[in-house]
Amino acid sequence: MSVTSVKSSAVGPPVPQSVSAVKNIAISSENYKYLQQEIYRESGIVLDEDKHYLLESRLMPVARAAQMSSLDELCTRLRAKTSPGLARSVIEALTTNETLFFRDMAPFEALRLHMLPELLAKKPQKLAIWSAAASSGQEAYSIAMLIKEYGIGGCPVDILGTDLSEQILERAREAKYVQFEVNRGLPAAYLVKYFKREGLDWQLKADLRAMVKFKRFDLRQSMLGLGKFDIVFCRNVLIYFDVDTKVKILTQILSVLNPGGFLLLGGAETTLNLHDKFERIAVGSTVVYRKG
Ligand SMILES: C[S@@+](CC[C@H](N)C(=O)[O-])C[C@H]1O[C@@H](n2cnc3c(N)ncnc32)[C@H](O)[C@@H]1O
């Protein structure tokens, strides 16, 4: 990160003496550090040193909405703690909610071809599945559609979707998606079967929506109150955390998994060098992790 000293200009607001000038994005080094610490404290997300552009694109809209014209001003207001909700808006803006239906496909093939047959062979009284960083719901609803298609013969299924962001969970509960979102990953036959048109959007039908409950949950909280699960999808979220946080989350997931239960991680995530209590099983082009 380059650090330059900029003198106050004769016109416009005073410029801090020490600013980081990366791609013309100005925020004092002290404020950058402050945001790194706040974001880590509130979400566990590690903001690297070179994310000035990300900060600018995500946080300037938050600043402008609150009538501020710079990230430094936003930090001053955050420090003063005089604007209720501002800190939450900052975290909401910085979480990456990228998701799609049947993301990467292979984990869902593993669910259909490996995990469901193995779990159902034990004749369980019910199946509990957790989408642990659910974002706008596509992952949890993909699981619901797959289960419907699979037809698991009267065995009740509970699907829980959780996320840190209350705002994104509102979207998940609403289950209304724009054309672009249903074009990503969702087979055309499922769109016709499980969605209905609502103006320009597509609304998931009520029976599918009823299969999934959503609630806010920070993965760093104690998971004990969530109950036990047979399958945990914790995909594309560990990448944002440091090693210590990843280890704690994996340890907790292990404790809420039933014996023989499965964990699925994102394509760039692994338990290797983090946790040795999961059995790694290659299924097709993916790996699933089983609690012994
Ligand atoms: C990239 S999305 C992944 C969505 C989905 N699992 C997938 O793979 O498509 C990451 C999600 O993790 C959530 N998240 C970030 N930090 C979290 C935390 N500490 N606890 C729970 N969820 C968190 C974000 O709000 C975001 O919706």
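Residues numbered from 1 in each chain as written. Predicted model: local features only at pLDDT ≥ 70, side-chain atom pairs only at ≥ 80, totals over all residues. Heavy atoms only, no water.

The name given to the protein chain in an unreviewed UniProt entry is protein-glutamate O-methyltransferase, and the organism recorded there is Acidisarcina polymorpha. Note on the protein chain: under the UniProt heading Catalytic activity (unreviewed entry), the record states "L-glutamyl-[protein] + S-adenosyl-L-methionine = [protein]-L-glutamate 5-O-methyl ester + S-adenosyl-L-homocysteine". (UniProt positions renumbered as here; feature names shortened; annotations may be inferred.)

J.: Would you mind going over the site of the ligand with me for this structure?
T.: In the neighbourhood of the ligand, 19 residues make up the surrounding shell, with Thr 99, Arg 103, Ala 133, Asp 163 and Asn 236 lying closest. Between the ligand and Glu 139 there is a distance of 3.2 Å, counted from a nitrogen atom to a side-chain nitrogen or oxygen. Note that a nitrogen atom of the ligand is positioned 3.2 Å from one of the backbone N or O atoms of Leu 164. (Near = heavy atom within 4 Å. Polar contact = N/O pair within 3.5 Å; in protein donor to acceptor, adjacent residues only side chain to side chain.)

J.: Just to check I follow, could you spell out the pattern of salt bridges for this structure?
T.: Opposite charge on two side chains makes pairing possible when the charged atoms of those side chains draw close. Per the counting criterion, the structure on display carries 20 salt bridges. Across the pair Glu 38 and Arg 41 runs a salt bridge, and its minimum N-O distance is 2.9 Å. Of the two residues, Glu 38 and Arg 41 are both situated in helix H1 (residues 29–43); the distance of 3 residues between them amounts to about one turn of the helix. In this structure Glu 38 comes out as buried when scored by relative accessible area, which is 16%. Between Glu 42 and Arg 88 there is a salt bridge, with its nearest N and O atoms 3.9 Å apart. (Salt bridge = Lys/Arg side-chain N within 4 Å of Asp/Glu carboxyl O. Helix = DSSP H or I, 4+ residues; strand = E, 2+ residues; numbered from the N terminus. Buried < 20%, exposed > 50% of the residue type's maximum accessible area, 1.4 Å probe, protein only.)

J.: For this particular structure, what's the right way to read the sheet that holds strand E7 (residues 195–198)?
T.: Adjacent strands of a sheet form backbone hydrogen bonds with each other and so pair up, either parallel or antiparallel. With respect to topology, 3 strands assemble into an open sheet ordered E6-E8-E7, the strand pairing being antiparallel. Looking at strand neighbours, the two that pair on one side only are strand E6 (176–177) and E7, the edges of this open sheet. Examined bridge by bridge, E6 and strand E8 (residues 201–204) share 2 bridges and lie antiparallel to one another. Paired with Tyr 177 across the bridge in E8 is Trp 202. (Pairing = 2+ DSSP bridges.)

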